[in-house]
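Notes for the structure review
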Amino acid sequence: GENVEQHPSTLSVQEGDSAVIKCTYSDSASNYFPWYKQELGKGPQLIIDIRSNVGEKKDQRIAVTLNKTAKHFSLHITETQPEDSAVYFCAAIWGLGGGATNKLIFGTGTLLAVQP
Amino acid sequence: GAGVSQSPSNKVTEKGKDVELRCDPISGHTALYWYRQSLGQGLEFLIYFQGNSAPDKSGLPSDRFSAERTGGSVSTLTIQRTQQEDSAVYLCASSPHRGSGNTIYFGEGSWLTVV
C-alpha cells in the first residue's frame, strides 16, 4: 500500500552542526521526491525536490540524496541555523502505475530543533 | 493571487454543524488537492481534482466529507455534522498540471476546531 516512512521523529542539533533526515517509500514507480518545511501555524513550503534520474541534488546548505534501488532518500542540512528549526516532511509521488492521481504521500514529519 | 488562498483561516464550530472551507488555487493550476493535518501529525490525503476528470475521492474519511470544484478553479470542502475528531488543519494545494514532478504548492490552511 501507500507508505512513506520517515526517521527520526525529532532531532536536536547544535547550531553549526549537520542534520540528516531519512525516508523510505514503498511504490517502486515513484519518481519524484519533494521535501517540505513547515513552520508553526503555516502551510508546508517546498525546500528542495529530486527526480529519479539523479542521485543527488544540492541547493546551498540543503542537499537531497536518492537511492532508487533501496527506495531510500535523505535530506541533509549543513551548518544549521536556529531559523532551520521547523517540522520537515518528505513525500513521494503515488499513482504513476496507471492511476489517474499523481498525489503526494507524506512521511510523518521530523521536528528539527537547532540549539543556539 | 500569488499563492494558494484558503478561507477561513480559523473556524470554531459546534459539534453537529456543517462547515465549508474554501480554496483558491494559483491561477492556471489545473490540479488541486485537499489534505488534512491533525495536531502534531503528518498530512493525510483527502481528495484530488485534475481538470475535468472525475476527482479521486479515495482519501475522504467518511460520507460526511465532500468537495467540489467549480469552473476548474475554486474548490469547497464541506464537512457535514461535524465531530470533534474532525478538528484539524485542512490544507489545500495546487499544481500546474498533471504529471509526475510538477511542484505542488500549499496554502496556509484552515484551522478547524469542533467544540
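Residues numbered from 1 in each chain as written. Chains lettered and ligands numbered in written order. Predicted model: local features only at pLDDT ≥ 70, side-chain atom pairs only at ≥ 80, totals over all residues. Heavy atoms only, no water.

1. A few points about the sheet that holds strand 7 (residues 62-67) of chain A
All names here are of chain A. Read from one edge to the other, the open sheet built from five strands follows the order 1-3-8-7-6, with strand pairing classed as antiparallel. Edge positions in the sheet fall to strand 1 (4-7) and strand 6 (56-59), since each of these pairs with one other strand and no more. With strand direction ignored, the average angle separating the axes of adjacent strands in the sheet is 15°. Relative to strand 3 (residues 19-25), strand 1 runs antiparallel, the two being bridged by four bridges. Looking at strand 3, one finds that V4 is bridged to Y25. (Pairing = 2+ DSSP bridges. Helix = DSSP H or I, 4+ residues; strand = E, 2+ residues; numbered from the N terminus. Axes fitted to C-alpha atoms, helices over the stretch in contact; angles between N-to-C directions.)

2. Observations concerning the environment of W35(A)
Of note, W35(A) is situated in strand 4 (residues 32-38). Counting along the chain gives 54 residues from W35(A) to F89(A), while the straight-line C-alpha distance between them is 5.7 Å.

3. A word on the pairing of strand 6 (residues 65-69) of chain B
Residue and element names in this part refer to chain B. Burial along strand 6 is one-sided: F65, A67 and R69 are buried, while S66 and E68, pointing the other way, are not. When strand 6 meets strand 7 (residues 75-79), the two strands line up antiparallel, connected through five bridges. Paired with F65 across the two strands is I79, which belongs to strand 7. Between strand 6 and strand 7, which pair antiparallel and follow one another directly, the connecting turn spans five residues, one of which, G71, has a positive phi of 60°. (Buried < 20%, exposed > 50% of the residue type's maximum accessible area, 1.4 Å probe, protein only.)

4. What to know about the state of the cysteines
Tallied over the entire structure, the rule returns two disulfides over all chains. Put simply, C23(A) and C90(A) are joined by a disulfide, and their sulfur atoms are 2.0 Å apart. A torsion of -100° about the S-S bond marks the disulfide between C23(A) and C90(A) as left-handed. Of the two residues, C23(A) sits in strand 3 while C90(A) sits in strand 9 (residues 86-94), which places them 67 residues apart along the sequence. For C23(A), a relative accessible area of 2% gives the class buried. One disulfide bridge connects C23(B) with C92(B), the sulfur atoms lying 1.9 Å from each other. Looking along the S-S bond of the C23(B)-C92(B) disulfide, the torsion reads about -70°, which is the left-handed sense. Here C92(B) lies in strand 8 (residues 88-95) and C23(B) lies in strand 3 (residues 19-24), a separation of 69 residues in the sequence. (Disulfide = S-S within 2.5 Å.)

5. Thoughts on the side chain of D27(A)
All names here are of chain A. Structurally, D27 is set in the loop between strand 3 and strand 4. Nearest to the buried, unbridged D27 among oppositely charged side chains is K71, at 7.3 Å. Within the local environment of D27, its side chain forms a polar contact with the backbone nitrogen of A29, the two atoms lying 3.0 Å apart. (Lys, Arg positive; Asp, Glu negative; His and termini not counted. Salt bridge = Lys/Arg side-chain N within 4 Å of Asp/Glu carboxyl O. Polar contact = N/O pair within 3.5 Å; in protein donor to acceptor, adjacent residues only side chain to side chain.)

6. Quick notes on unusual backbone geometry
The omega torsion across H7(A) and P8(A) is -5°, close enough to zero to call that bond cis. With respect to the element layout, P8(A) can be found in the loop between strand 1 and strand 2 (10-14). Note that the residue after S7(B), namely P8(B), is joined by a cis bond; omega there is -10°. With respect to the element layout, P8(B) can be found in the loop between strand 1 (5-7) and strand 2 (10-13). Although it is not a glycine, Q60(A) sits at a positive phi angle of roughly 55°. Structurally, Q60(A) is set in the loop between strand 6 and strand 7. For Q60(A), a relative accessible area of 71% puts it in the exposed group. Despite not being glycine, K71(A) has its phi angle at roughly 55°, a positive value. Mapped onto the fold, K71(A) is located in the loop between strand 7 and strand 8 (72-77).

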